[in-house]
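Now for the letters of each chain:
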Amino acid sequence: MTAIDHRSLAADPKAAEDRRARRLARIGRLEGWFKALGLPFMPPVLRLAVGDNPKAQLKDIWRLLGVPLAAIAGFLLLWSALAPMVQTSLGAIPGPKAVWEQALVLHADAGAETAKEVDFYAKQAEKNAALIAEGKSDKVKSRAYTGKPTYYEQIWTSIRTVFFGFLIATAVAVPLGIVSGLSPTANAAINPLVQVFKPVSPLAWLPIVTMVVSAVYVGGEGAMSKSFLISAITVTLCSLWPTLINTALGVASIDKDLVNVGKVLKLSPWKKITKLVLPSALPLIFTGLRLSLGVGWMVLIAAEMLAQNPGLGKFVWDEFQNGSSQSLARIMVAVLTIGLIGFLLDRVMYALQSAFTYTNNR
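Chemist: Would you mind going over the overall build of the chain with me for this structure?
Modeler: Counting its regular elements, the chain contains 13 helices and two strands. Here the C-alpha radius of gyration of the chain, 28 Å, is well above what a compact globule of 362 residues would show, namely 21 Å. Counting only C-alpha atoms and orienting by the principal axes, one finds that the chain spans roughly 80 × 65 × 65 Å. Looking at the 362 residues of the chain, the share that counts as buried comes to 31%. Of the contacts made within the chain by residues no fewer than 6 positions apart, 68% connect residues no fewer than 24 positions apart.

Below you can see the structure in the form of structure tokens.
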């Protein structure tokens, strides 16, 4: 009898419709996160699986997934057809197949270099252990591995550098933007400096930053080496302006009623900023942050190329100077890597914006 009742419940159209409605509601709540992660086609796919208006969902899937994939396929076909027609001093422009092969070679080289590093430290530890066993502890030495950086290490160096410079830019630009947005007098003082320094190229900042850091900073190698600081500060000087401008605009554009509420409640300046100003200006602030991170990433690659600082920019320049038959393909690998990382950085900032906006609206 119980089994019959269970089957009856499962066959109940109203119960099935309620389950479908709950699933669609869950998909709706996740839609914003899928967009933030660069997966806008997932909600229509999930809705299609639930059985919600298949015709409309298939249309959305084609628009959000099919069209981009078709465009990428068309680009690859066009690239394959036109690349052999362009001859350079290093040979023909490499097609997608040659670029993919060099990507695999770089991956294999990174694995081989990592194995060399592991073997180096293992042999060093073995040698030191033998010296200790012989009572020659005074002869124990620990040397750092000095092999060439792998492609992945160069990627990581560039990402660390851009985030360090971006965080410094944010720490400077957001407070200045808030002050500029709240005070017309401060805005009148800050705005001319913004207009003068905003258009300055990183190629102009780099020699100045190099000389100043070399004169002021006395540091060794490692995470805070001079080359790291030079690249990071150059990123800071070129990327803080979008955040500063958008923050000032967002703060200046908040509802005047909110300002009056703060006056009536006699809020302290800190509470006024944290409770009224920042929540209202948050969308524009994050727009500035996204622009700043994108600018910083582009500036960093140029700075690394010009100053020969470690990172993807130096990798591109070294391959250009190398002039081997594989150099062009490796440069194309780096170009695609730079583009993909730039896209991922923007998605990270968009996801953070969605998270902060969602928290703020709750």
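Now, onward.
Chemist: I keep staring at the environment of Asp-318 and nothing clicks. Help me out?
Modeler: Within the secondary structure layout, Asp-318 lies in helix α12 (residues 312–322). As for Asp-318 and Met-305, which are separated by 13 residues in sequence, their C-alpha atoms are 8.6 Å apart.

Chemist: Would you take a moment to explain the side chain of Gln-154 for this structure?
Modeler: With respect to the helices and strands, the residue Gln-154 is situated in helix α6 (residues 151–182). Exposure remark for Gln-154: the relative accessible area of 11% places this residue in the buried category. Gln-154 has contacts with Pro-149, Gly-311, Leu-312 and Phe-315, leaving out every residue within four places of it along the chain.

Chemist: Looking at this model, I keep getting lost on the nonpolar core. Mind explaining?
Modeler: For soluble globular proteins, nonpolar side chains are generally found buried alongside one another. Residues Tyr-151, Val-162, Trp-297, Leu-312 and Ile-341 are the most contacted members of the largest nonpolar core, which totals 38 residues. When contributions to this core are tallied by element, the ones reaching two or more residues are α5 (96–133), α6, α9 (226–252), α11 (269–307), α12 and α13 (327–361). Top element by residues in this core is α11. It accounts for twelve residues. Excluding residues that lie within four positions of it along the chain, Trp-297 makes contacts with Ser-158, Ile-159, Val-162, Leu-312, Ile-338, Ile-341, Gly-342 and Leu-345. Among the nonpolar cores identified, the runner-up in size contains seven residues, and Ile-190, Val-194, Leu-240 and Trp-241 belong to it.

Chemist: Before we go on, may I ask you to explain the packing of helix α8 (residues 202–216) against α11 in this structure?
Modeler: In helix packing, the relevant descriptors are the interaxial angle and the interaxial distance, both defined with respect to the helix axes. Closest axis-to-axis distance for the α8/α11 pair is 10 Å, and the angle between their directions is 55°. In terms of orientation, α8 and α11 fall into the oblique class. Note on packing geometry: the crossing formed by α8 with α11 is right-handed. On α11, the residues that touch Pro-202, Leu-203 and Leu-206 of α8 are Val-299, Ala-303, Leu-306 and Ala-307. Looking at the contact of α8 with α11, its residues break down into seven nonpolar, no polar and no charged.

Chemist: What is the right way to read the side chain of Gln-102 from this model?
Modeler: Within the secondary structure layout, Gln-102 lies in helix α5. Judged by its relative accessible area of 10%, Gln-102 falls in the buried class. Ignoring any residue separated from it by four or fewer positions in sequence, one finds Gln-102 in contact with Gln-326, Ala-329, Arg-330 and Val-333.

Chemist: What's the story with the packing of aromatic side chains in this structure? I'm lost.
Modeler: Each aromatic ring pair is summarised here by two numbers: the centre-to-centre distance and the angle between the ring planes. If you walk through the whole model with that rule in mind, you get eight aromatic pairs. When the centroid spacing of 5.3 Å and the interplanar angle of 50° are considered together, the rings of Phe-164 and Phe-228 count as tilted. One end of the pair, Phe-164, is in helix α6; the other, Phe-228, is in helix α9, with 64 residues separating them in the sequence. Residue classification places Phe-228 among the buried residues on the basis of a relative accessible area of 8%. Both rings, one in Phe-197 and one in Trp-205, keep their centres 5.8 Å apart while their planes meet at 35°; by these two values the pair is tilted. Taking the relative accessible area as the measure of exposure, Trp-205 reaches 13% and is therefore buried. One aromatic cluster is present, built from ring pairs that chain together Phe-120, Tyr-121 and Tyr-145. Seen from the ring of Tyr-350, Arg-347 lies directly overhead, with NZ or CZ sitting 4.9 Å from the centre.

Chemist: What should I look at first to understand the packing of helix α3 (residues 42–50) against helix α4 (residues 54–82) in this one?
Modeler: At a closest axis distance of 9 Å, the pairing of α3 and α4 adopts a crossing angle of 155°. The angle between α3 and α4 falls in the class roughly antiparallel. Here α3 runs over α4; the crossing is left-handed. Across from Pro-44, Val-45, Arg-47 and Leu-48 in α3, the residues of α4 making contact are Pro-54, Gln-57, Leu-58, Asp-60, Ile-61 and Leu-64. Its residues assigned to classes, the contact of α3 with α4 shows seven nonpolar, one polar and two charged.

Analysis parameters
- Residues numbered from 1 in each chain as written.
- Predicted model: local features only at pLDDT ≥ 70, side-chain atom pairs only at ≥ 80, totals over all residues.
- Heavy atoms only, no water.
- Helix = DSSP H or I, 4+ residues; strand = E, 2+ residues; numbered from the N terminus.
- Rg over C-alpha atoms; globule rule 2.2 N^0.38 Å.
- Buried < 20%, exposed > 50% of the residue type's maximum accessible area, 1.4 Å probe, protein only.
- Contact = heavy atoms within 4.5 Å.
- Core = buried A, V, L, I, M, F, W, Y, C linked by side-chain atoms within 4.5 Å.
- Axes fitted to C-alpha atoms, helices over the stretch in contact; angles between N-to-C directions.
- Parallel < 35°, antiparallel > 145°, perpendicular 65-115°, else oblique.
- Left-handed = near helix turned anticlockwise from the far one by under 90°.
- Nonpolar A, V, L, I, M, F, W, Y, C, P; charged D, E, K, R; others polar.
- Phe/Tyr/Trp six-rings, centres within 6.5 Å; stacked < 30°, edge-to-face > 60°.
- Lys NZ or Arg CZ within 6 Å of the ring centre and 35° of its normal.

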